[in-house]
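The lines below spell out each chain.
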Amino acid sequence: MRHNRRTLRLGRNHNERQAMLENMVSSLLSHQAIQTTLMKAKAAQRLAERVISLSKVDTLASRRKVFSYLQDHQLTSKLFKEVAPRFKDRKGGYTRILHLERRKGDGATMALLELTEKEIKVKEI
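Description of the structure in this document. (Residues numbered from 1 in each chain as written. Predicted model: local features only at pLDDT ≥ 70, side-chain atom pairs only at ≥ 80, totals over all residues. Heavy atoms only, no water.)

### Focus: the overall build of the protein
Looking only at helices and strands, the protein features four helices and three strands. Listing every helix and strand of the protein by position from the N terminus yields α-β-α-α-α-β-β. The dimensions of the protein, computed from C-alpha atoms along their principal axes, are 50 × 40 × 25 Å. The proportion of buried residues among the 125 residues of the protein is 35%. Counting contacts in the protein only where the partners sit at least 6 residues apart, residues at least 24 apart contribute 54% of the total. Across the protein, the mean location of the 27 positive side-chain charges is 8 Å away from that of the 13 negative side-chain charges. (Helix = DSSP H or I, 4+ residues; strand = E, 2+ residues; numbered from the N terminus. Buried < 20%, exposed > 50% of the residue type's maximum accessible area, 1.4 Å probe, protein only. Contact = heavy atoms within 4.5 Å. Lys, Arg positive; Asp, Glu negative; His and termini not counted. Charge placed at Lys NZ, Arg CZ, Asp CG, Glu CD.)

Here it is in structure tokens:
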């Protein structure tokens, strides 16, 4: 029996929810921060932490597992070469959620999901 195993459905069926979360994690890894609702950010944070943990060990099996989530070869290689080395000394807590103001249209609680160690880009003048 599956007592107390409720998932947060986010108004979508399983396939739509998986696709949405995988797209959010892809956007998070490419842009280093995304703005979304609080509940979507909490759901995407779990998947992002799992993907980053997998990418810390560079094996063929972990690359294939990460690719099954991201579905993008360039983003997968970027994750293994650039993002994962930043978190090699951490055991968790690769992302953080910052609460923002409520959305004007429907009053949904907004949040900013970002990587804790961002890549610093210097603009040249």
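### Quick word on the pairing of strand β2 (residues 95-102)
Where β2 and strand β3 (residues 109-115) come together, six bridges link them in antiparallel fashion. Looking across to β3, one finds that Arg 102 is bridged to Thr 109. (Pairing = 2+ DSSP bridges.)

### Things to note about the packing of helix α2 (residues 38-55) against helix α4 (residues 73-86)
Remark: α2 packs on α4, axes separated minimally by 9 Å, with the N-to-C direction vectors making an angle of 100°. Here α2 is positioned roughly perpendicular relative to α4, judged by the angle of their axes. Between α2, through Val 51, Ile 52, Leu 54 and Ser 55, and α4, the contact on the second element is made entirely by Leu 79, Phe 80 and Ala 84. Per-class residue counts for the contact of α2 with α4 are six nonpolar, one polar and no charged. (Axes fitted to C-alpha atoms, helices over the stretch in contact; angles between N-to-C directions. Parallel < 35°, antiparallel > 145°, perpendicular 65-115°, else oblique. Nonpolar A, V, L, I, M, F, W, Y, C, P; charged D, E, K, R; others polar.)

### Things to note about helix α3 (residues 60-70)
Of all the positions in α3, only Ser 62, Val 66, Tyr 69 and Leu 70 are classed as buried. What you see down the axis of α3 is that its buried residues fit within an arc of 85°, all on one side. Those residues of α3 that are exposed and angled more than 90 degrees off the buried face are Leu 60, Ala 61 and Arg 64. Buried residues in α3 make contact with α1 (14-31), α2 and α4. Positive phi appears at Gln 71, one or two residues downstream of α3, with a value of about 60°. (Arc of directions from axis to C-beta.)

### Structural notes on the sheet that holds β3
Pairing is antiparallel in the open sheet, where three strands are placed in the order β1-β3-β2. If you trace the sheet from one side to the other, it starts and ends with β1 (33-37) and β2, each paired once. The mean angle between the axes of side-by-side strands here comes to 25°, regardless of whether they run parallel or antiparallel. Across five bridges, β1 lies against β3 in antiparallel orientation. Bridge assignment links Thr 37 to a residue of β3, and that residue is Met 110. Relative to β1, α1 is tilted by about 145°, and along the sheet it contacts β1, β2 and β3.

### Quick notes on α2
Taking 1.5 Å as the rise per residue, α2 with 18 residues should run 26 Å; its terminal C-alpha atoms sit 25 Å apart, in good agreement. For α2, the complete set of buried residues consists of Leu 38, Ala 41, Ala 43, Ala 44, Leu 47, Ala 48, Glu 49, Val 51, Ile 52 and Ser 55. (Expected span 1.5 Å × (residues − 1).)

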